Amino acid sequence: MELLLKSGTVYPITGAPFKGDILIRDGKIQQVAENIIAKNAEVIDATGKYIFPGFVDAHSHIGVFEEGAGEMFYQDGNEMTDPLTPEVRVIDAFYPEDPAIKRALSGGVTTVMVVPGSANPVGGQGAILKLKSKIVDEMIVKEPAGLKMATGENPKRVYGSMNKAPATRLGVGASIRKYFQNVKNYMAKKEKAKEKGEAFNEIDPKLEIGEKVLRREIPARIHAHRADDILTAVRISEEFGFDLVIEHATEGYKIADFLKAKNIPVVLGPILGFRTKLELKDMTFDSVRIINEKGILAAMMCDHPVIHLEHTTIQLGTALRYGAKEEDLLKMVTINPAKILGIDDRVGSIELGKDADLVIWSGHPFEFRSIVEKVFIEGKEVYSL
């Protein structure tokens, strides 16, 4: 079946906006042009509307810190029993009926990278999901898609309160280094067994995922707010030779030239809200503008549920007010996170052959009164006003 979105203002992201049509066939974007004739297609009149690709949030806790579950003790996003829990997987805790999912769709968000929380120096495996099903296995784009790790105050507070390591930044760095040294030793044992033609029967789930990181099959996704914590994350990544994405990067603007020189992508945010801890004291709306002006590959996160995903455009609009460019901001929730996640061949822009993850807005998303009227994921309507 074909679906034709007709006469809307199309924002391809990778090109200039124009008034035109989008033809969808078999879940993919078949054609994008000013005037498409498709006799057998179902037509949706988008006259006066705006059509954007579905937003991509590259760092979210939706479905694992679900709405209505109560205090943090009852939530499933942090396994706060051991500083090193790389074996845990968010898909085993993700709740597809989290009420926040429908509201995320109402904000134009269609794809999320769901990660564990930041209690542990090595916290667990994240997954890229599309918000299209009540069965998590049907939502998966890639899993595992990254190993979540954390520096700074969160692991210090969690384990310091238990009077156990790591209780300082010294201990957090040492914990991560020890983990990856164990992974290297594990890989060496495997290689030695292979050289001898022997079976390797000491499979350790904690170390298997670390091997994927050291083999650069997936990146480390390291939570770091303060500039010194960002530098620690970079230092360790270079010591062990793995790919890195900095999560939050609240003080990344202070060392923007360094990040650009190292070619390290960042997922910024959230930039709204109360400065709840010491490492957020220098948070500024100007960071978005500065990071983009330096040419760093950057995405914007809501850190849901810190800021609910339905308010993605409110956060973007605030950054716009403080000098960030509209074009940069739109890329930060579309093609940039898609690139950081390694799925830009499928999502993040309106282009021929990509997944038909499309959102019809009543007006431009940065206009406060604009609302999402329809959302399609892979050509199927998943939300309607």
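Scoring rules and cut-offs
Residues numbered from 1 in each chain as written. Predicted model: local features only at pLDDT ≥ 70, side-chain atom pairs only at ≥ 80, totals over all residues. Heavy atoms only, no water. Domains from an automatic or database assignment. Contact = heavy atoms within 4.5 Å. Buried area = accessible area lost by both parts, 1.4 Å probe. Salt bridge = Lys/Arg side-chain N within 4 Å of Asp/Glu carboxyl O. Polar contact = N/O pair within 3.5 Å; in protein donor to acceptor, adjacent residues only side chain to side chain. Pairing = 2+ DSSP bridges. Helix = DSSP H or I, 4+ residues; strand = E, 2+ residues; numbered from the N terminus. 1 Å grid on protein atoms, 1.4 Å probe; cavity = no way out; pocket = protein on both sides within 12 Å on 5 of 7 lines; lining within 4 Å. Points joined across faces, edges and corners; volume = space filled by probe spheres on them. Nonpolar A, V, L, I, M, F, W, Y, C, P; charged D, E, K, R; others polar. Phe/Tyr/Trp six-rings, centres within 6.5 Å; stacked < 30°, edge-to-face > 60°. Buried < 20%, exposed > 50% of the residue type's maximum accessible area, 1.4 Å probe, protein only.

In the annotation of an unreviewed UniProt entry, the protein chain is listed under the name Amidohydrolase and assigned to Kosmotoga arenicorallina S304.

Observations regarding the domain arrangement of the protein chain
As far as domains go, the protein chain holds domain 1 (1–53 + 348–384) and domain 2 (55–347). Centre-to-centre, using C-alpha coordinates, domain 1 lies 30 Å away from domain 2. Each partner contributes residues to the interface: domain 1 has 22 residues there, and domain 2 has 26 residues. Buried surface at the junction of domain 1 and domain 2, summed over both partners, amounts to about 2100 Å²; 67% is from carbon and sulfur atoms. Inspection of the domain 1/domain 2 interface yields six salt bridges. Close ionic contact of Asp355 with Arg346 constitutes a salt bridge, the shortest N to O distance being 2.9 Å. Our count for the domain 1 to domain 2 interface comes out at 11 residue pairs in polar contact (both at pLDDT 80 or more).

Section: the pairing of strand β9 (residues 140–150)
Sheet analysis places strand β8 (residues 122–130) next to β9, joined by six bridges and oriented antiparallel. Of the residues in β9, the one forming a bridge with Ile128 is Lys142. Of the pairings in the sheet, the one linking β9 to strand β10 (residues 220–224) comprises four bridges and is parallel in character. Along β10, the bridge assignment pairs Met149 with Ile222.

Notes on empty space enclosed by the protein
This structure, assessed with the given rule, holds two cavities of 30 Å³ or more. Its boundaries defined by the atoms lining it, the largest cavity holds a volume of some 50 Å³. Along the walls of the largest cavity sit His248, Ala249, Thr250, Leu268, Gly269, Pro270, Ile271, Met283, Thr284 and Ser287, which together make up its complete lining. Across the lining of the largest cavity, the residue classes break down as five nonpolar, five polar and no charged.

Section: unusual backbone geometry
The omega torsion of the bond from Glu143 to Pro144 falls at -5 degrees, within 30 degrees of zero and hence cis. Note on placement: Pro144 falls in strand β9. The omega torsion of the bond from His304 to Pro305 falls at 15 degrees, within 30 degrees of zero and hence cis. Looking at the secondary structure, you find Pro305 in the loop between β13 (298–300) and α9 (312–321). Backbone geometry places Arg216, a non-glycine residue, at a positive phi of 60 degrees. Within the secondary structure, Arg216 sits in the loop between α5 (205–214) and β10. Backbone geometry at Asn263 places phi at a positive 60 degrees, although glycine is not the residue there. If you trace the backbone, Asn263 turns up in the loop between α7 (256–262) and β12 (266–268).

Some remarks on the layout of surface pockets
Of the volumes computed, that of the largest pocket is approximately 700 Å³. In terms of lining, the largest pocket is formed by 32 residues, of which the most central are Ser118, Asn154, Lys277, Asp303 and Val306. Top element by residues in the lining of the largest pocket is helix α3 (residues 153–160). It accounts for three residues. Class assignment for the residues of the lining of the largest pocket results in 12 nonpolar, 15 polar and five charged.

Observations concerning the side chain of Arg221
Looking at the element boundaries, Arg221 is found in strand β10. In this structure the side chain of Arg221 is engaged in a polar contact, spanning 2.7 Å, whose partner is the backbone oxygen of Ala58. Ignoring anything within four residues of it in the chain, the contact list for Arg221 reads Ala58, Met113, Gly146, Leu147, Lys148, Met149, Val245, Glu247, Val267 and Leu341.

Topic: the pattern of salt bridges
Pairing is possible between side chains that carry opposite charge, provided their charged atoms lie close to one another. Here the structure, examined in full by the defined rule, presents 38 salt bridges. Salt bridges sharing partners connect three or more residues here, namely Lys28, Lys130, Lys132, Arg346, Asp355, Asp357 and Glu378.

Section: the packing of aromatic side chains
Enumeration according to the criterion identifies eight aromatic pairs in this entry. Aromatic pair Tyr11 and Tyr50: ring centres 6.1 Å apart, planes at 35 degrees, arrangement tilted. In this pair, Tyr11 is assigned in the loop between β1 (2–10) and β2 (18–25) and Tyr50 in strand β5 (residues 50–53), connecting sequence segments 39 residues apart. Under the relative-accessibility criterion, Tyr11 is labelled buried at 14%. With 4.4 Å between their ring centres and 15 degrees between their planes, Tyr11 and Phe52 make a pair best called stacked. Here Tyr11 is found in the loop between β1 and β2, whereas its partner Phe52 is found in strand β5, with 41 residues between them in sequence. By the burial criterion, Tyr11 is buried, and Phe52 matches it.

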